[in-house]
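Residues per chain, in single letters:
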Amino acid sequence: MTSEQESSRWADAATVIGTFVGVLWLLEMIDQIANNRLDGLGIEPREADGLWGILFAPLLHSGWGHLAANTLPLLILGFLILMSGITVWARATAIIWVVGGVGTWLTGGENTLHLGASVLIFGWLVFLIMRGFFNRSVGQILIGLVVLAIYGSILWGVFPGTPGVSWQGHLFGAIGGGLAAFWMAERGPRVPATV
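Residues numbered from 1 in each chain as written. Predicted model: local features only at pLDDT ≥ 70, side-chain atom pairs only at ≥ 80, totals over all residues. Heavy atoms only, no water.

(A) Representation of the side chain of His61. Its location among the elements puts His61 in the loop between α2 (52-56) and α3 (64-82). The class for His61 is buried, based on a relative accessible area of 1%. Looking at His61, its side chain comes within polar contact range of the side chain of Asn70, at 3.1 Å. In this structure, His61 is in contact with Leu24, Glu28, Asp31, Asp39, His66, Leu67, Asn70, Leu115, Gly116 and Ala117, ignoring residues within four places of it in sequence. (Helix = DSSP H or I, 4+ residues; strand = E, 2+ residues; numbered from the N terminus. Buried < 20%, exposed > 50% of the residue type's maximum accessible area, 1.4 Å probe, protein only. Polar contact = N/O pair within 3.5 Å; in protein donor to acceptor, adjacent residues only side chain to side chain. Contact = heavy atoms within 4.5 Å.)

Listed below in structure tokens is the structure:
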């Protein structure tokens with residue numbers, strides 16, 4: 001790959017993830033102007049109307065602080081996946097989005113509302129940690145280990161504990177990331193072992 005192609009790949013990755021996060025900030029601004037009416041589109045577990053939340057919840061946040069806390073991990077983790085291409089990022093994100101949303105809808109607490117892009121953060125994190133092992137790629141394993149060292153402590157968020165935090169979204173986002181890494185693994189032909 002030439003240095004020009006490498007620069008283009010970096011620019012494309014930065015543009016896509018920057019645009020995605022920009023859309024989240026725009027939606028929060030609209031939500032604030034609308035007196036938080038968009039938040040009602042989050043996941044309401046086991047409610048028929050709450051199924052729409054599977055589609056919308058990762059785009060919505062419960063305020064500026066919630067969105068600000070998610071912004072840097074979204075930018076970094078999303079950028080790292082996008083360096084493998086927009087198709088890889090889109091496929092992994094779709095799997096995480098659906099698995100995280102459906103899992104949260106099935107297991108969330110009664111009379112709760114779940115929203116926020118942390119489902120993607122947990123999914124992208126696990127995807128980055130695991131994909132190198134499934135792809136048997138030393139470079140991806142090293143990236144995964146660095147990501148684990150920097151962000152691994154947030155994985156405690158998959159356990160119940162903090163009131164008002166959707167551990168279900170975190171858990172099923174992480175499961176979605178693991179499934180995406182497995183399903184999207186680059187499987188070449190098996191080489192027969194010699195004895």
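Anyway, onward from the coordinates.
(B) Quick look at the layout of surface pockets. What the largest pocket holds in volume is close to 630 Å³. Around the largest pocket, the lining comprises 41 residues; the ones closest to its centre are Leu115, Ser118, Val165, Ser166 and His170. Across the lining of the largest pocket, the residue classes break down as 20 nonpolar, 20 polar and 1 charged. (1 Å grid on protein atoms, 1.4 Å probe; cavity = no way out; pocket = protein on both sides within 12 Å on 5 of 7 lines; lining within 4 Å. Points joined across faces, edges and corners; volume = space filled by probe spheres on them. Nonpolar A, V, L, I, M, F, W, Y, C, P; charged D, E, K, R; others polar.)

(C) Representation of the nonpolar core. Ile17, Phe20, Leu74, Leu77, Leu120 and Trp124 are the most contacted members of the largest nonpolar core, which has 32 residues in total. If you list the elements that add at least two residues to this core, you get α1 (3-33), α3, α4 (86-107), α5 (118-135), α6 (138-151) and α7 (167-183). Broken down by element, this core gets its largest block of residues, 8 residues, from α5. If we skip the residues at most four places from it in the chain, Ile17 touches Leu74, Leu75, Gly78, Phe79, Leu82, Trp89 and Trp124. Listed in part, the 6 residues of the second largest apolar core include Ile43, Ala57, Leu60 and Trp105. (Core = buried A, V, L, I, M, F, W, Y, C linked by side-chain atoms within 4.5 Å.)

(D) Broad picture of the packing of α5 against α7. Running from N to C, α5 and α7 point in directions that differ by 30°, and their axes come no closer than 7 Å. With respect to their mutual orientation, α5 and α7 come out roughly parallel. The handedness of the crossing between α5 and α7 is right-handed. Seen from α5, the contacting residues are Ser118, Val119, Phe122, Gly123, Val126, Phe127, Met130, Arg131 and Phe134; seen from α7, they are Gly169, His170, Gly173, Ala174, Gly177, Gly178, Ala180, Ala181 and Phe182. Of the residues belonging to the contact of α5 with α7, the class tally is 10 nonpolar, 7 polar and 1 charged. (Axes fitted to C-alpha atoms, helices over the stretch in contact; angles between N-to-C directions. Parallel < 35°, antiparallel > 145°, perpendicular 65-115°, else oblique. Left-handed = near helix turned anticlockwise from the far one by under 90°.)

(E) The packing of aromatic side chains, seen in detail. One pass over the full model with this rule turns up 8 aromatic pairs. With a centroid separation of 6.4 Å and 55° between ring planes, the pair formed by Phe20 and Trp124 is classed as tilted. Of this pair, Phe20 sits in helix α1 while Trp124 sits in helix α5, and the two are 104 residues apart along the sequence. Residue classification places Phe20 among the buried positions, given a relative accessible area of 12%. Given a relative accessible area of 0%, Trp124 falls into the buried group. (Phe/Tyr/Trp six-rings, centres within 6.5 Å; stacked < 30°, edge-to-face > 60°.)

(F) How the structure looks around the packing of α3 against α5. Interhelical geometry of α3 versus α5 gives an angle of 35° and a closest axis separation of 9 Å. Pair α3 / α5 crosses with left-handed handedness. Taking contact as the criterion, the partners of Asn70, Pro73, Leu74, Leu77, Gly78, Leu80 and Ile81 in α3 are, on α5, Ser118, Leu120, Ile121, Trp124, Leu125, Phe127, Leu128 and Arg131. Per-class residue counts for the contact of α3 with α5 are 11 nonpolar, 3 polar and 1 charged.

(G) Geometry of the side chain of Gln168. Locating Gln168 in the fold gives a position in helix α7. With a relative accessible area of 7%, Gln168 lands in the buried category. Among residues more than four places away in sequence, those in contact with Gln168 are Thr104, Thr107, Gly108, Gly109 and His114.

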